[in-house]
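Listed below, chain by chain, are the residues.
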Amino acid sequence: QVQLVESGGGLVQAGSSLTLSCAVSGLSGSRVAMGWFRQAPGKEREFVAGITWIGGTIYYADSVKGRFTISRDNAKNTVTLQMNNLKPEDTAIYYCAAGQREGVLTQRAGDFGSWGQGTQVTVSS
């Protein structure tokens, strides 16, 4: 059973940085892509960043390009989202997600089959 556990969220001021981590278990031998999504109050869940198994392909939402960096350490079973220059509009619950098919990375939530419980990020102005 796949289990994803996010950590690192919090309340910060605009311009600050946060690092989100996702501890992954139950994916042994499965070379799936990993992604981060977020959902703000009253809005749909949206793609933030995604990375393939060896990191050869990385996607970012336009709203976070140049500010956020996704990375993964397959030996440690972790996925990290480094968030710099945070803005109030980045306030949301952030979710870690695992892809459903090896070698496939998309920006569609429906292509990710396992999800964490989420971690709250709040950015004050």
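Everything here concerns the structure above.
Once a new chain begins, its residue numbering starts again from 1 and follows that chain's sequence as written. Since the coordinates come from a predicted model, pLDDT governs what is reported: local features require at least 70, and pairs of side-chain atoms require 80 or more to be given and counted, while whole-chain, interface and lining totals use all residues. Water and hydrogen atoms play no part in the side-chain values, which are based on all heavy atoms of the structure.

J.: Teacher, can you tell me more about the pairing of strand 8 (residues 78-83) here?
T.: Regular strands place side chains that alternate from one sheet face to the opposite one. Direction of pairing for strand 3 (residues 18-25) relative to strand 8: antiparallel, over a ladder of 6 bridges. Bridge pairing in strand 8 links Ala23 to Thr78. Only strands that DSSP links by at least two bridges are regarded as paired with each other. Secondary structure follows DSSP: runs of H or I at least 4 residues long count as helices, runs of E at least 2 residues long count as strands, and numbering of each begins at the N terminus. Sheet topology note: the strand 7 (residues 68-73)/strand 8 ladder contains 6 bridges and is antiparallel. Residue Ile70 lies in a different strand from strand 8, and its bridge partner there is Leu81. Hairpin connection from strand 7 to strand 8: 4 residues lie between these consecutive antiparallel strands, with Asn77 at a positive phi of about 55°.

J.: Any chance you could explain the packing of aromatic side chains here in plain terms?
T.: What describes a pair of aromatic rings is the distance from one ring centre to the other and the angle between the planes of the rings. Between the rings of Phe, Tyr and Trp (Trp by its six-membered ring), a pair exists once the centres lie within 6.5 Å; its type follows the angle of the planes, with under 30 degrees stacked, over 60 edge-to-face, and the other angles tilted. Taken as a whole and assessed by the stated rule, the structure comprises 4 aromatic pairs. Geometrically, the ring pair formed by Phe37 and Phe47 is edge-to-face, given 5.5 Å between the ring centres and 80° between the ring planes. Of this pair, Phe37 sits in strand 4 (residues 34-39) while Phe47 sits in strand 5 (residues 46-51), and the two are 10 residues apart along the sequence. Both residues of the pair, Phe37 and Phe47, count as buried. Three or more aromatic residues joined by ring pairs form one cluster here, namely Phe37, Phe47, Phe112 and Trp115. Relative accessibility under 20% of the residue-type maximum defines a buried residue, over 50% an exposed one, and the middle range a partly exposed one, all with a 1.4 Å probe and only protein chains included.

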